Amino acid sequence: MSYAVSPIGVIIANDSDWKVTLTGGKARAMTQRIEQTFAKRKAANEAVFVGYMMGGDPDRATSQAFLNALPAAGVDIIELGIPFTDPMADGLVIENAGIRSRKAGTTLTTILEMATEFRKSDDTTPIIVMGYANPLHHMGYTDFAAAAKKAGVDGAIIVDLPPEEDGELRAAFEVHNLALIRLATPTTDAERLPRVVAGTKGFVYYVSMTGITGASFAQAGSVKDQVARVKAAASLPVVVGFGVKTPERAREVGKDADGVVVGTAIVKTLHEDGADAALDLIRSLADATHTSRD
Amino acid sequence: MGKPENFAYPDENGRFGEFGGRYVAETLMPPILELEKAYEEAKADPEFAKEMDYFLKHYVGRPSPLYFAERLTEAAGGAKIYFKRDELNHTGAHKINNCMGQLLLAKRMGKKRIIAETGAGQHGVATATVAARLGMECIVYMGAVDIVRQKPNVFRMRLLGAEVRSVESGTATLKDAMNEALRDWVTNVGDTFYCIGTVAGPHPYPAMVRDFQAVIGREAKAQIMEAEGRLPDAAVACIGGGSNAMGLFHEFVPHGEVRLIGVEAAGKGVKSGLHAASLTGGSPGILHGNRTYLLQDENGQIADAHSISAGLDYPGIGPEHSYLHDIGRAEYVSATDDEALHWFQECARLEGILPALEPSHALPRTVELAKELGKDGLIIMNMCGRGDKDVFTIADALGEHISAGTEG
């Protein structure tokens, strides 16, 4: 292992397995909104509800109004989707939402503008942007991190940046105290899991099945063991996503997980039945999640 | 730039300089690491090499000839032009070299469900062929647009027992077929082997596919030494993802005196914006598991590629080509749809060979280079596929109506 001091004064270790690993001074009071959100729900023995929406779907104005309405409907943490032409981990519902969004002219910059607008009225709900590496890579990781911080974004989930490839973005995020949230999956084996969770910030996103977003959940009831496995490896909250579509399922998952993520069902309802119906769905999902341990 | 003899890439992280890598969802990381390990073991196993050699010789029909294209040489009026006749392989293209290797590896790994993406259908046909021979289930993802323009290959795959799944999303071409194959893999990760058709995708695919295709260059080098007693001045090949070019180039990379020239598809012209020339008209980005040159807009969205050739209609290129480009070891030029159409016809009339639309792109640059090098020059061009699959597209472009004769 070799060390080098980067221009920002953080010590970077070059680990042959994991590329760039930050081992610098302890992370400052970072990812504050995320921590406070989990702390608040935990104190009340409630699970956190994480809601996904595709930014800019079907257009900027509609999408902004929907985004602004999420906290009042019960969303504790917002995952704001960045549209991409080639969303290879997503099912048709989210792919089509991305197509509508891009058609309306949405770019990565638009997504950050939406976050900025949201922050004018809400300074407590965490926003995690979620998408694929190329738009960020094209903007430049350093520029993106600075712009995201300025926009009031708290972190990011980048699907096609596994631990082996996320070193550059993590270094850029560290400068601005942003959380780069990693995914753990059923294929993440016992040897790999500790190393995956070691580099994540804010929370660990457990993808509860092998597959794409929106697929139906095959193995009901197995979440408990999976969550226990990830929690044993991580000192962070664990949220569970993929395959949760109904309040019943959300309630079941929320019994064991620190948080429950719903994406496709929200995006689908917004598109097919409009914002009011989508917010109704969110209220029922959030309520089921919050009260899952009652 | 490293000395020519030091071209030992990729590194342990799958990097060719700053290109390559493993940009996949976490779900796919363990399987690609497993694949890498299995490939390394197979590579070191003489039994695997023996099995591969057997199938390449008796089933694929290797070695393919190195043929002196005398009348094309006369027409060009310069350097001697040789064709490496990989269109004479079983299934009519170089693609089967790689499928043979990957499916023998799949067999070793105990995987019985094979998935593949295809553009022109050549990789799909080759995968379906080898899967049939080895008794494996085969599913081929193909863009809806490509299914229309490559009907004969679609029917061929079905005859071989493969299931062809139409991909309607995005631009409904090769890149979308690759997205869909990745979605399948991430869903069926336990029993499925993804047979990628080109030198792209996450590590170890770019290196593994190159290694399986490198037989082209190894044979060509020995054959040109026998025919001419010296190395060629240049090796020329068309490039979509770049597997036939990498296969021809690899053996010659350490020989700095051999110019390596890749010809991308310029579609209606690189300036028109309607093209598939990632190196000539793109910039570095991340797609389909690797960092490489891509066609993309100012916001990092992938741009649509355009080419009359379905096999070159891809907005990216293998990462090793990006590396050879940046260090200046290989040169990358382009040819338009019209040039490819023109030289397709010239080649048919002069040499009695119907080239596929893909290598038809390499012909105009080969002829120009022959003039530039003069009578003492020596060129090898990879004739990587035969044109039978393209006759309907070509008839269309020439304004003639012929019946497809098969269902679509």
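As a reminder, the structure under discussion sits directly above these lines.
Some words on the nonpolar core
Then, in step 1: If you look at the biggest cluster of nonpolar residues, it comprises 221 residues, and the most contacted ones within it are Val239(A) and Val260(A).
Then, in step 2: Viewed by domain, this core spans two of them, domain 1 (15-57 + 95-209) and domain 2 (62-92 + 215-397) of chain B, each represented by three or more residues.
Then, in step 3: The contact partners of Val239(A), leaving out residues within four places of it in the chain, are Val48(A), Val50(A), Phe203(A), Tyr205(A), Tyr206(A), Ala257(A), Asp258(A), Gly259(A), Val260(A) and Val261(A).

Some words on unusual backbone geometry
Then, in step 1: Cis geometry marks the peptide bond from Asp57(A) to Pro58(A), where omega comes out at 0°.
Then, in step 2: Relative to the helices and strands, Pro58(A) is located in the loop between strand S4 (48-54) and helix H2 (60-73).
Then, in step 3: In this structure, Pro204(B) follows His203(B) across a cis peptide bond, with omega equal to 15°.
Then, in step 4: Among the secondary structure elements, Pro204(B) is positioned in the loop between strand S8 (192-194) and helix H9 (205-213).

What about the interface of chain B and chain A?
Then, in step 1: Listed as interface residues are 28 residues of chain B and, on the opposing side, 36 residues of chain A.
Then, in step 2: Where the side of chain B that touches chain A is concerned, the elements lending two or more residues are strand S2 (19-23), helix H1 (29-43), helix H8 (174-187) and strand S11 (283-287) of chain B.

A closer look at the sheet that holds strand S3 (residues 66-68) of chain B
Residues and elements named next belong to chain B.
Then, in step 1: As summarised here, the arrangement of the 6 strands in space is S3-S4-S14-S9-S10-S13, forming an open sheet in which the pairing is mixed. Bordering the open sheet on either side are S3 and strand S13 (330-336), each of which pairs with just one other strand. Strand-to-strand twist in this sheet, taken as the mean axis angle between neighbours without regard to direction, amounts to 30°.
Then, in step 2: In this sheet, S13 lies alongside strand S10 (residues 259-267) in parallel orientation, the contact comprising 7 bridges. Opposite Gly267, over in S13, you have Thr336 as the bridge partner.
Then, in step 3: Together, strand S9 (234-239), S10 and S13 form the strand contacts of helix H13 (residues 319-326), whose direction differs from that of S13 by roughly 110°.
Then, in step 4: In the packing of helix H14 (residues 337-351) onto the sheet, contacts are made with S10 and S13, and the angle to S13 comes to roughly 85°.

Reading the values: the criteria
Residues numbered from 1 in each chain as written. Chains lettered and ligands numbered in written order. Predicted model: local features only at pLDDT ≥ 70, side-chain atom pairs only at ≥ 80, totals over all residues. Core = buried A, V, L, I, M, F, W, Y, C linked by C-beta atoms within 7 Å. Buried ≥ 20, exposed ≤ 12 C-beta atoms within 10 Å, placed from the backbone. Domains from an automatic or database assignment. Contact = placed C-beta atoms within 7 Å. Helix = DSSP H or I, 4+ residues; strand = E, 2+ residues; numbered from the N terminus. Pairing = 2+ DSSP bridges. Axes fitted to C-alpha atoms, helices over the stretch in contact; angles between N-to-C directions.

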